[in-house]
Each structure stands twice: as C-alpha cells, then as structure tokens.
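# Results of the structural survey
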Amino acid sequence: APAAHAAAMSAADIKKNLEAAASDPAKVTAYCAMSKKMDEVGDDQKKAEAAGDEIDGYFKTLGDGFQNAWDAGQDSADGSPEAAAMDEAMNTLDAKCK
C-alpha cells in the first residue's frame, strides 16, 4: 500500500507549526542538529539510510506538529504559498542555529 500522505496544511499552518519550534530551546537544538545532519547527508542514499534513526529522533523531539508541517512543506509544489511558508519558517529557525 502507498504510504499515507500527511493531510494537506495551509501555508499559515505550516509556518505556525514550524516556527513554534523556534521558541523552545530544546527544539531549536534538535532542529539545528537535524539541519546540519541533513546538509552532511545531501543526496547520498547510503548516508541518508545511516542517519535515518538519528533524524527520526530529532523529529520526535520536534513533535508531530512540526513533522506534519515539514512533510506538508516538502510535498508542496515549488513556488507555492506552502513552499514559501516553509522557506520563511526555515529561515527563522536557521537564524537561531550557531
């Protein structure tokens, strides 16, 4: 069976759910570590598999709201309001990473 798709989220909900992490120090730490790990992985499939559990752990810390918004943002079309909302939220979070 195909993987269940996250329910579509509005651009405002994506931004709100992702940016909520910015006010929680533990979530900021998890986001920054995850972001760094994803940059290291890039498009390398082997590295992605090796880092899978680690990245899942970060998503656990970040919570379901964050993960659902992340998935919705990732699934949205380039140039859509949803994709733009995700980019804005990422910029807010990235600014908190040292």
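Now for a look at the structure at hand. Just so it is clear, the structure is predicted and the values come from calculations on it, not from any experiment.

## Here we look at the overall build of the chain
When helices and strands are counted, the chain shows 5 helices and 0 strands. Reading the secondary structure of the chain in the N-to-C direction produces α-α-α-α-α. On C-alpha atoms alone, the chain measures out to a radius of gyration of 13 Å, which is about the 13 Å that the 2.2 N^0.38 rule sets for 98 residues. Across its three principal axes, the chain shows a C-alpha extent of roughly 40 × 30 × 25 Å. Contacts in the chain between residues far apart in sequence, at least 24 positions, make up 73% of those at least 6 positions apart. In the structure as shown, the chain presents an accessible area of about 6,100 Å², 50% of it carried by carbon and sulfur atoms. Charge centroids of the chain, computed over 10 positive and 19 negative side chains, lie 7 Å from each other.

## A look at the pattern of salt bridges
In this structure the tally under the stated criterion is 5 salt bridges. Here Lys 15 makes a salt bridge to Glu 19, at a shortest N to O gap of 3.2 Å. Of this pair, Lys 15 and Glu 19 both sit in helix H1 (residues 11–19), 4 residues apart, which is roughly one turn of the helix. By relative accessible area, which is 23% here, Glu 19 ends up partly exposed. One connected set of salt bridges, linked through shared partners, spans Lys 15, Glu 19 and Glu 88.

## Quick word on the packing of aromatic side chains
This model, assessed by the stated rule, comprises 4 aromatic pairs. For the pair Phe 66 and Trp 70, a centre-to-centre distance of 5.9 Å together with 25° between the ring planes defines the contact as stacked. One end of the pair, Phe 66, and the other, Trp 70, are both in helix H4 (residues 64–75), 4 residues apart, so they sit about a helical turn from each other. Three or more aromatic residues joined by ring pairs make a cluster, and in this case those are Tyr 31, Phe 59, Phe 66 and Trp 70.

## What about helix H5 (residues 81–94)?
The end-to-end C-alpha distance of H5 is 20 Å, a good match for the 20 Å that 14 residues give at a rise of 1.5 Å each. Within H5, the full set of buried residues consists of Ala 83, Ala 85, Met 86, Ala 89, Met 90 and Leu 93. The arc enclosing the buried residues of H5, seen along the axis, measures out at 155°, which places them on a common side. Of the exposed residues in H5, the ones pointing more than 90 degrees away from its buried face are Pro 81 and Asn 91.

What counts, and where the lines are drawn
- Residues numbered from 1 in each chain as written.
- Predicted model: local features only at pLDDT ≥ 70, side-chain atom pairs only at ≥ 80, totals over all residues.
- Heavy atoms only, no water.
- Helix = DSSP H or I, 4+ residues; strand = E, 2+ residues; numbered from the N terminus.
- Rg over C-alpha atoms; globule rule 2.2 N^0.38 Å.
- Contact = heavy atoms within 4.5 Å.
- Areas by Shrake-Rupley, 256 points an atom, 1.4 Å probe, with all protein chains shown as cover.
- Lys, Arg positive; Asp, Glu negative; His and termini not counted.
- Charge placed at Lys NZ, Arg CZ, Asp CG, Glu CD.
- Salt bridge = Lys/Arg side-chain N within 4 Å of Asp/Glu carboxyl O.
- Buried < 20%, exposed > 50% of the residue type's maximum accessible area, 1.4 Å probe, protein only.
- Phe/Tyr/Trp six-rings, centres within 6.5 Å; stacked < 30°, edge-to-face > 60°.
- Expected span 1.5 Å × (residues − 1).
- Arc of directions from axis to C-beta.

Remember that the coordinates give geometry; whether it matters functionally is a separate question.
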